[in-house]
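Inside the fold
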Amino acid sequence: MMKRRSIHLALALTMSAAVIGACSSNGGNNDSNGGNGGTASNGSAAETSNAGNDASKTLKPEKLVMVFPAAGEPKDMQEVSDAINKITKEKINATVKLVPIGWGAWTQQRTLMMSGKEQVDLILSGLGTYSQDVAKGQFLELDDYLGKEGAGIKEALDNLDPEFLNATKIDGKIYAVPSIRDLAADFGITMRKDLVDKYNIDTSSIKSLDDLDAIFKVIKENEPDVVPTVKYGNSIIDIYVRSAFDTLSDGLGVLPGNDNNLKLVDMYEAPEYKEMLNTVRRWYLAGYVAKDAATSTETQYNMVKAGKAFSFISHMKPGIETQESRNTAREMISIHFKPAISTTSDITSIMWSVARNSVDPSRATMLLNLMYTDKDLINLFDYGIEGKHYTKVSDNVIDFPQGVDATNSGYNLQLGWMFGNQSLSYIWNGDSPDLWNQLMDFNKNATKSKALGFIFNADAVKSEIAAVTNVTNQYKVALETGTVDPETQLPKFIDQLKAAGIDKIIAEKQKQLDAWAAANGK
Amino acid sequence: MQSSGRVYQWLLNIVMIGFTLFCLMPIWLLFSSSLTDDMELVRNGYAFFPKDISFSAYHYLWNTSSEIARAYGITVLTTVIGTAAGLSLTAMVAYPLSRIEMPFRNTLAFYVFFTMLFNGGLVPSYLLYTNYFDFKNTLLALIIPGLLMNGFFIILMRTFFATSIPTAIIESAYIDGAREWKIFYRIVLPLSTPVLATVGLFYVILYWNDWFNGLIYLTDSKYYSLQNLLNRILLDLQFLQSSTQAGSQTGDLAARIPLASMRMAMAVIGVVPLLVAYPFFQKYFAKGLTVGAVKG
């Protein structure tokens, strides 16, 4: 028995040794295989490119993969992508596979796709993670490509303002190009038009948040079932604060008035912020804000749709009125009462990058170039196929064909602001026929934040940011919906932020901002 | 003595009833809100007894959404295939491990046990399944990664086989001329219904409720399972609430989020089959679980 045991042990040991040995030698083999695989595919790529040369085309055929977020995959995606491929095949001898990813799943799936060797050529970037992604080396530098294959992109953006393309630079290099859309934002309130008309509300008198009390009062007194104002995003003033501060992407260390001579302050200590909180608190106490505002998860659109809400305060752009009317299925009226400002976040929120894993970066840039210059291609991306997903009302204005509407259209992504140059797309019926001109003027004339072009790299203060985020999660929404009293809670909030290290974040940001200002001669 | 015993009994009952209510009430709320009219829900919030019962959410699911029917089909399909494959593989690994004559028994058992404590992590698993196996956007991605075999179930079954099947039966079958394979499926498996039912139910629940594989391995909506679909709606909602970065751009997404009663109705149709199936398993369930637990 004892003897058998020891034999077993010996066997087990030799086997595990063999296993370990096999593992490590396999590892070696895999590496060399990988190397071979690489050279082999290079060889075949060279062959195909030769074949391409023989066949009168100067470009070898290429398959590109384009990844972007969308609310869902439309039914007729295949058909539209076939039509897109016809154009790209003809113009740059490449086909493109479109991979839409749900918004909610975007962060996770994108991170995984970029972590391996999966082919991704063009990818939507920005959405708050631009500087981290560049730091991880996920995107290629575009400066050279933009000079050659991407001339159209550069021209389209520089026509607006060279500052816009500059704003994407990290350490002097471009890693992404913003889509041409609203590259600035003004601020105001969107209200239900039926109620505004019914009570003869004078909208021209609205100049600030404090002018809204009188309007909310009318609604509150006459429409007991309607909440005068609801959250937009996270809270009532979540987005409105940007009318007073350049939040420099995360709101931790901000520039009051978008200038302040590039001296950062803590937004939560700023008097402007306190004043906004007091206003919201006053609304809450007067019953202009729902009692469950801090915890409700119903979107502002569903609230308005259900007839439960009257208004929301948000950032805006030309044409916002029709957009919000579509989203709420009610006629809305938007009052813009704070002027347009362009900050780095406005530009870097939606951009396109060429991924590190791209099989052919120059062809990917060519495709991107088409998205900024080719009207037919842009309209395919934005609206689908003529006659099936839209028909022309006049030369540049389109609408749903007979029998088709938003609920049954096979392609209704409504992502015009994403796919390259929106100003080349058709105008949807109901919007001003002059919308794109208005939008481009809006972009050109917006006040540029003094820190436009500064991108914060948060790597050095990661743990402080995590701690501070926990504190803001605890207080911010309650304060910004008026649920708690700012007199007592705001000082607590500020103290806890300090304990969590917000000063260190601001100091780091200030250091980077000063360095950026010195390098850019601001 | 007698009366104090009865008081004690009553007290226990009250505590248990209270506890049961805590478990049942959320489900009831889910159910009743799925029967409430959308706009009613936004206006007056959730209620245990809706003022007007409305089947509009179910009508909508039934009529318009082929996406949901499809997702339901995918859920059923992966559950059936996954449970059948998982159960048979688990039994086939667990049975040899339960036999003392098996060479390297302990080493192999440790190998199984090891997977319960450690795994490769998300990114390496993703790379393995997408780069080397090419599972991305296939049905296999919903069946194999992380679900197909589970160390805990193997050990549960092995313990059952080792303790509840007398070696004498196996030996007598061997003397009667049965080979290992025949012993396994004619003698051992029929004697093991409690543990098979238990582990089978575990697999059903795992597969039925899984959304994670769908979240990371699928970009093509044609393979979305019901839970994946529900989870994506929740993620979209979270995204909307957390992200002010994308700005006005997400308005379109916000407008597309299904209304609360729709979400509740989807959850209900996701829950019902398990609720219905559970009592049938229950008979074996406690038995199989305790056998594994006591001796495990």
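Residues numbered from 1 in each chain as written. Chains lettered and ligands numbered in written order. Predicted model: local features only at pLDDT ≥ 70, side-chain atom pairs only at ≥ 80, totals over all residues.

An unreviewed UniProt entry lists chain B under the name Sugar ABC transporter permease, from Paenibacillus glycanilyticus. What UniProt states about chain B under its Subcellular location (unreviewed entry) heading is, verbatim, "Cell membrane". Turning to chain B, the UniProt annotation filed under Sequence similarities (unreviewed entry) states: "Belongs to the binding-protein-dependent transport system permease family." (UniProt positions renumbered as here; feature names shortened; annotations may be inferred.)

For chain A, the name recorded in an unreviewed UniProt entry is ABC transporter substrate-binding protein, with Paenibacillus glycanilyticus as its organism.

All names here are of chain B. One way to put it is that helix α5 (residues 105–117) packs onto helix α8 (residues 151–164) with a least axis distance of 8 Å and a crossing angle of 140°. Of the possible angle classes, the one that applies to α5 and α8 is oblique. Seen along the crossing, α5 lies across α8 with a hand that is left-handed. Residues Val-112, Phe-113, Thr-115 and Met-116 of α5 touch α8, and the partners they reach there are Gly-151, Phe-152, Ile-154 and Ile-155. (Axes fitted to C-alpha atoms, helices over the stretch in contact; angles between N-to-C directions. Helix = DSSP H or I, 4+ residues; strand = E, 2+ residues; numbered from the N terminus. Parallel < 35°, antiparallel > 145°, perpendicular 65-115°, else oblique. Left-handed = near helix turned anticlockwise from the far one by under 90°. Contact = placed C-beta atoms within 7 Å.)

Residues and elements named next belong to chain A. Ordered in space as β14-β15-β16, the 3 strands form an open sheet in which the pairing is mixed. Because the sheet does not close on itself, it has two edges, and the strands there are β14 (391–392) and β16 (427–428). Both β14 and strand β15 (residues 397–399) contribute to a ladder of 2 bridges, which runs antiparallel. In the strand pairing of β15, Lys-392 is matched with Ile-398. (Pairing = 2+ DSSP bridges.)

So, about the UniProt feature "transmembrane region" (unreviewed entry) in chain B. All names here are of chain B. The UniProt feature table records "transmembrane region" (unreviewed entry) at residues 7–31, 71–96, 108–127, 139–162, 183–208 and 260–281. Each end of residues 7–31 is marked by a C-alpha atom, and these two atoms are 35 Å apart; helix forms 100% of the span and strand 0%. Helix makes up 80% of residues 108–127 and strand 0%, and the two end C-alpha atoms of the span are 26 Å apart.

How large an interface is tends to be reported as the accessible area lost when its parts come together. All names here are of chain B. Domains assigned within chain B are domain 1 (1–63) and domain 2 (65–295). Counting residues at the interface gives 11 residues for domain 1, matched by 12 residues for domain 2. Contributions of two or more residues to the side of domain 1 that touches domain 2 are made by α1 (2–34), α2 (38–44) and α3 (56–63). Per-class residue counts for the side of domain 1 that touches domain 2 are 7 nonpolar, 3 polar and 1 charged. (Domains from an automatic or database assignment. Nonpolar A, V, L, I, M, F, W, Y, C, P; charged D, E, K, R; others polar.)

This brings us to the confidence of the model for chain A. Detailed reading of the predicted coordinates is not advisable wherever pLDDT is low. All names here are of chain A. In the predicted model, chain A carries a mean pLDDT of 83, and the fraction of residues at 70 or more is 89%. Per-element confidence in chain A ranges from a low mean pLDDT of 39 for helix α1 (residues 2–54) to a high of 93 for helix α18 (residues 486–500). Residue range residues 1–56 is modelled with pLDDT below 50. Its contacts to residues more than four positions away, or to other chains, number 9 contacts. (pLDDT = per-residue confidence, 0-100.)

Attention now goes to the UniProt feature "domain: PI-PLC Y-box" (unreviewed entry) in chain A. Feature annotation in UniProt assigns "domain: PI-PLC Y-box" (unreviewed entry) to the following positions: residues 400–462 of chain A. As a span, residues 400–462 of chain A carries 19% helix and 6% strand, and end to end its C-alpha atoms are 48 Å apart.

With that settled, the discussion passes to the domain arrangement of chain A. Residue and element names in this part refer to chain A. We note that the domain assignment places domain 1 (61–182 + 343–456) and domain 2 (185–316 + 457–520) within chain A. Here domain 1 and domain 2 have C-alpha centroids that lie 30 Å from each other. With 15 residues of domain 1 in contact, the opposing surface of domain 2 contributes 17 residues. Only α4 (130–135) and α13 (344–348) provide two or more residues apiece to the side of domain 1 that touches domain 2. The dominant element in the side of domain 1 that touches domain 2, judged by the number of residues it contributes, is α13, at 3 residues. When grouped by side-chain class, the residues that make up the side of domain 1 that touches domain 2 number 4 nonpolar, 8 polar and 3 charged.

This next bit is on helix α16 (residues 435–445) of chain A. Residue and element names in this part refer to chain A. Every buried residue belonging to α16 is among Trp-436, Leu-439, Phe-442 and Asn-443, and all of these are buried. Projected down its long axis, α16 shows its buried positions confined to an angular sector of 120°, all on one face. Exposed side of α16, more than 90 degrees from the buried face: Asn-437 and Asn-445 are the residues found there. (Buried ≥ 20, exposed ≤ 12 C-beta atoms within 10 Å, placed from the backbone. Arc of directions from axis to C-beta.)

As defined by bridge partners, strand β7 (residues 185–192) of chain A adjoins strand β12 (residues 332–342) of chain A across 7 bridges and the pair is classed as antiparallel. Bridging from a neighbouring strand, Met-191 of chain A pairs with Ile-333 of chain A of β12 of chain A.

With that out of the way, let us pick up unusual backbone geometry. Residue and element names in this part refer to chain A. The phi angle at Asn-260 is positive, at roughly 50°, despite the residue not being glycine. Mapped onto the elements, Asn-260 comes out in the loop between β10 (255–256) and α10 (271–286). Phi angles above zero are rare outside glycine, and Asn-261 is one such case at about 50°. Tracing the backbone through its elements, the reader meets Asn-261 in the loop between β10 and α10. A tally of 9 C-beta atoms within 10 Å means that Asn-261 is categorised as exposed.

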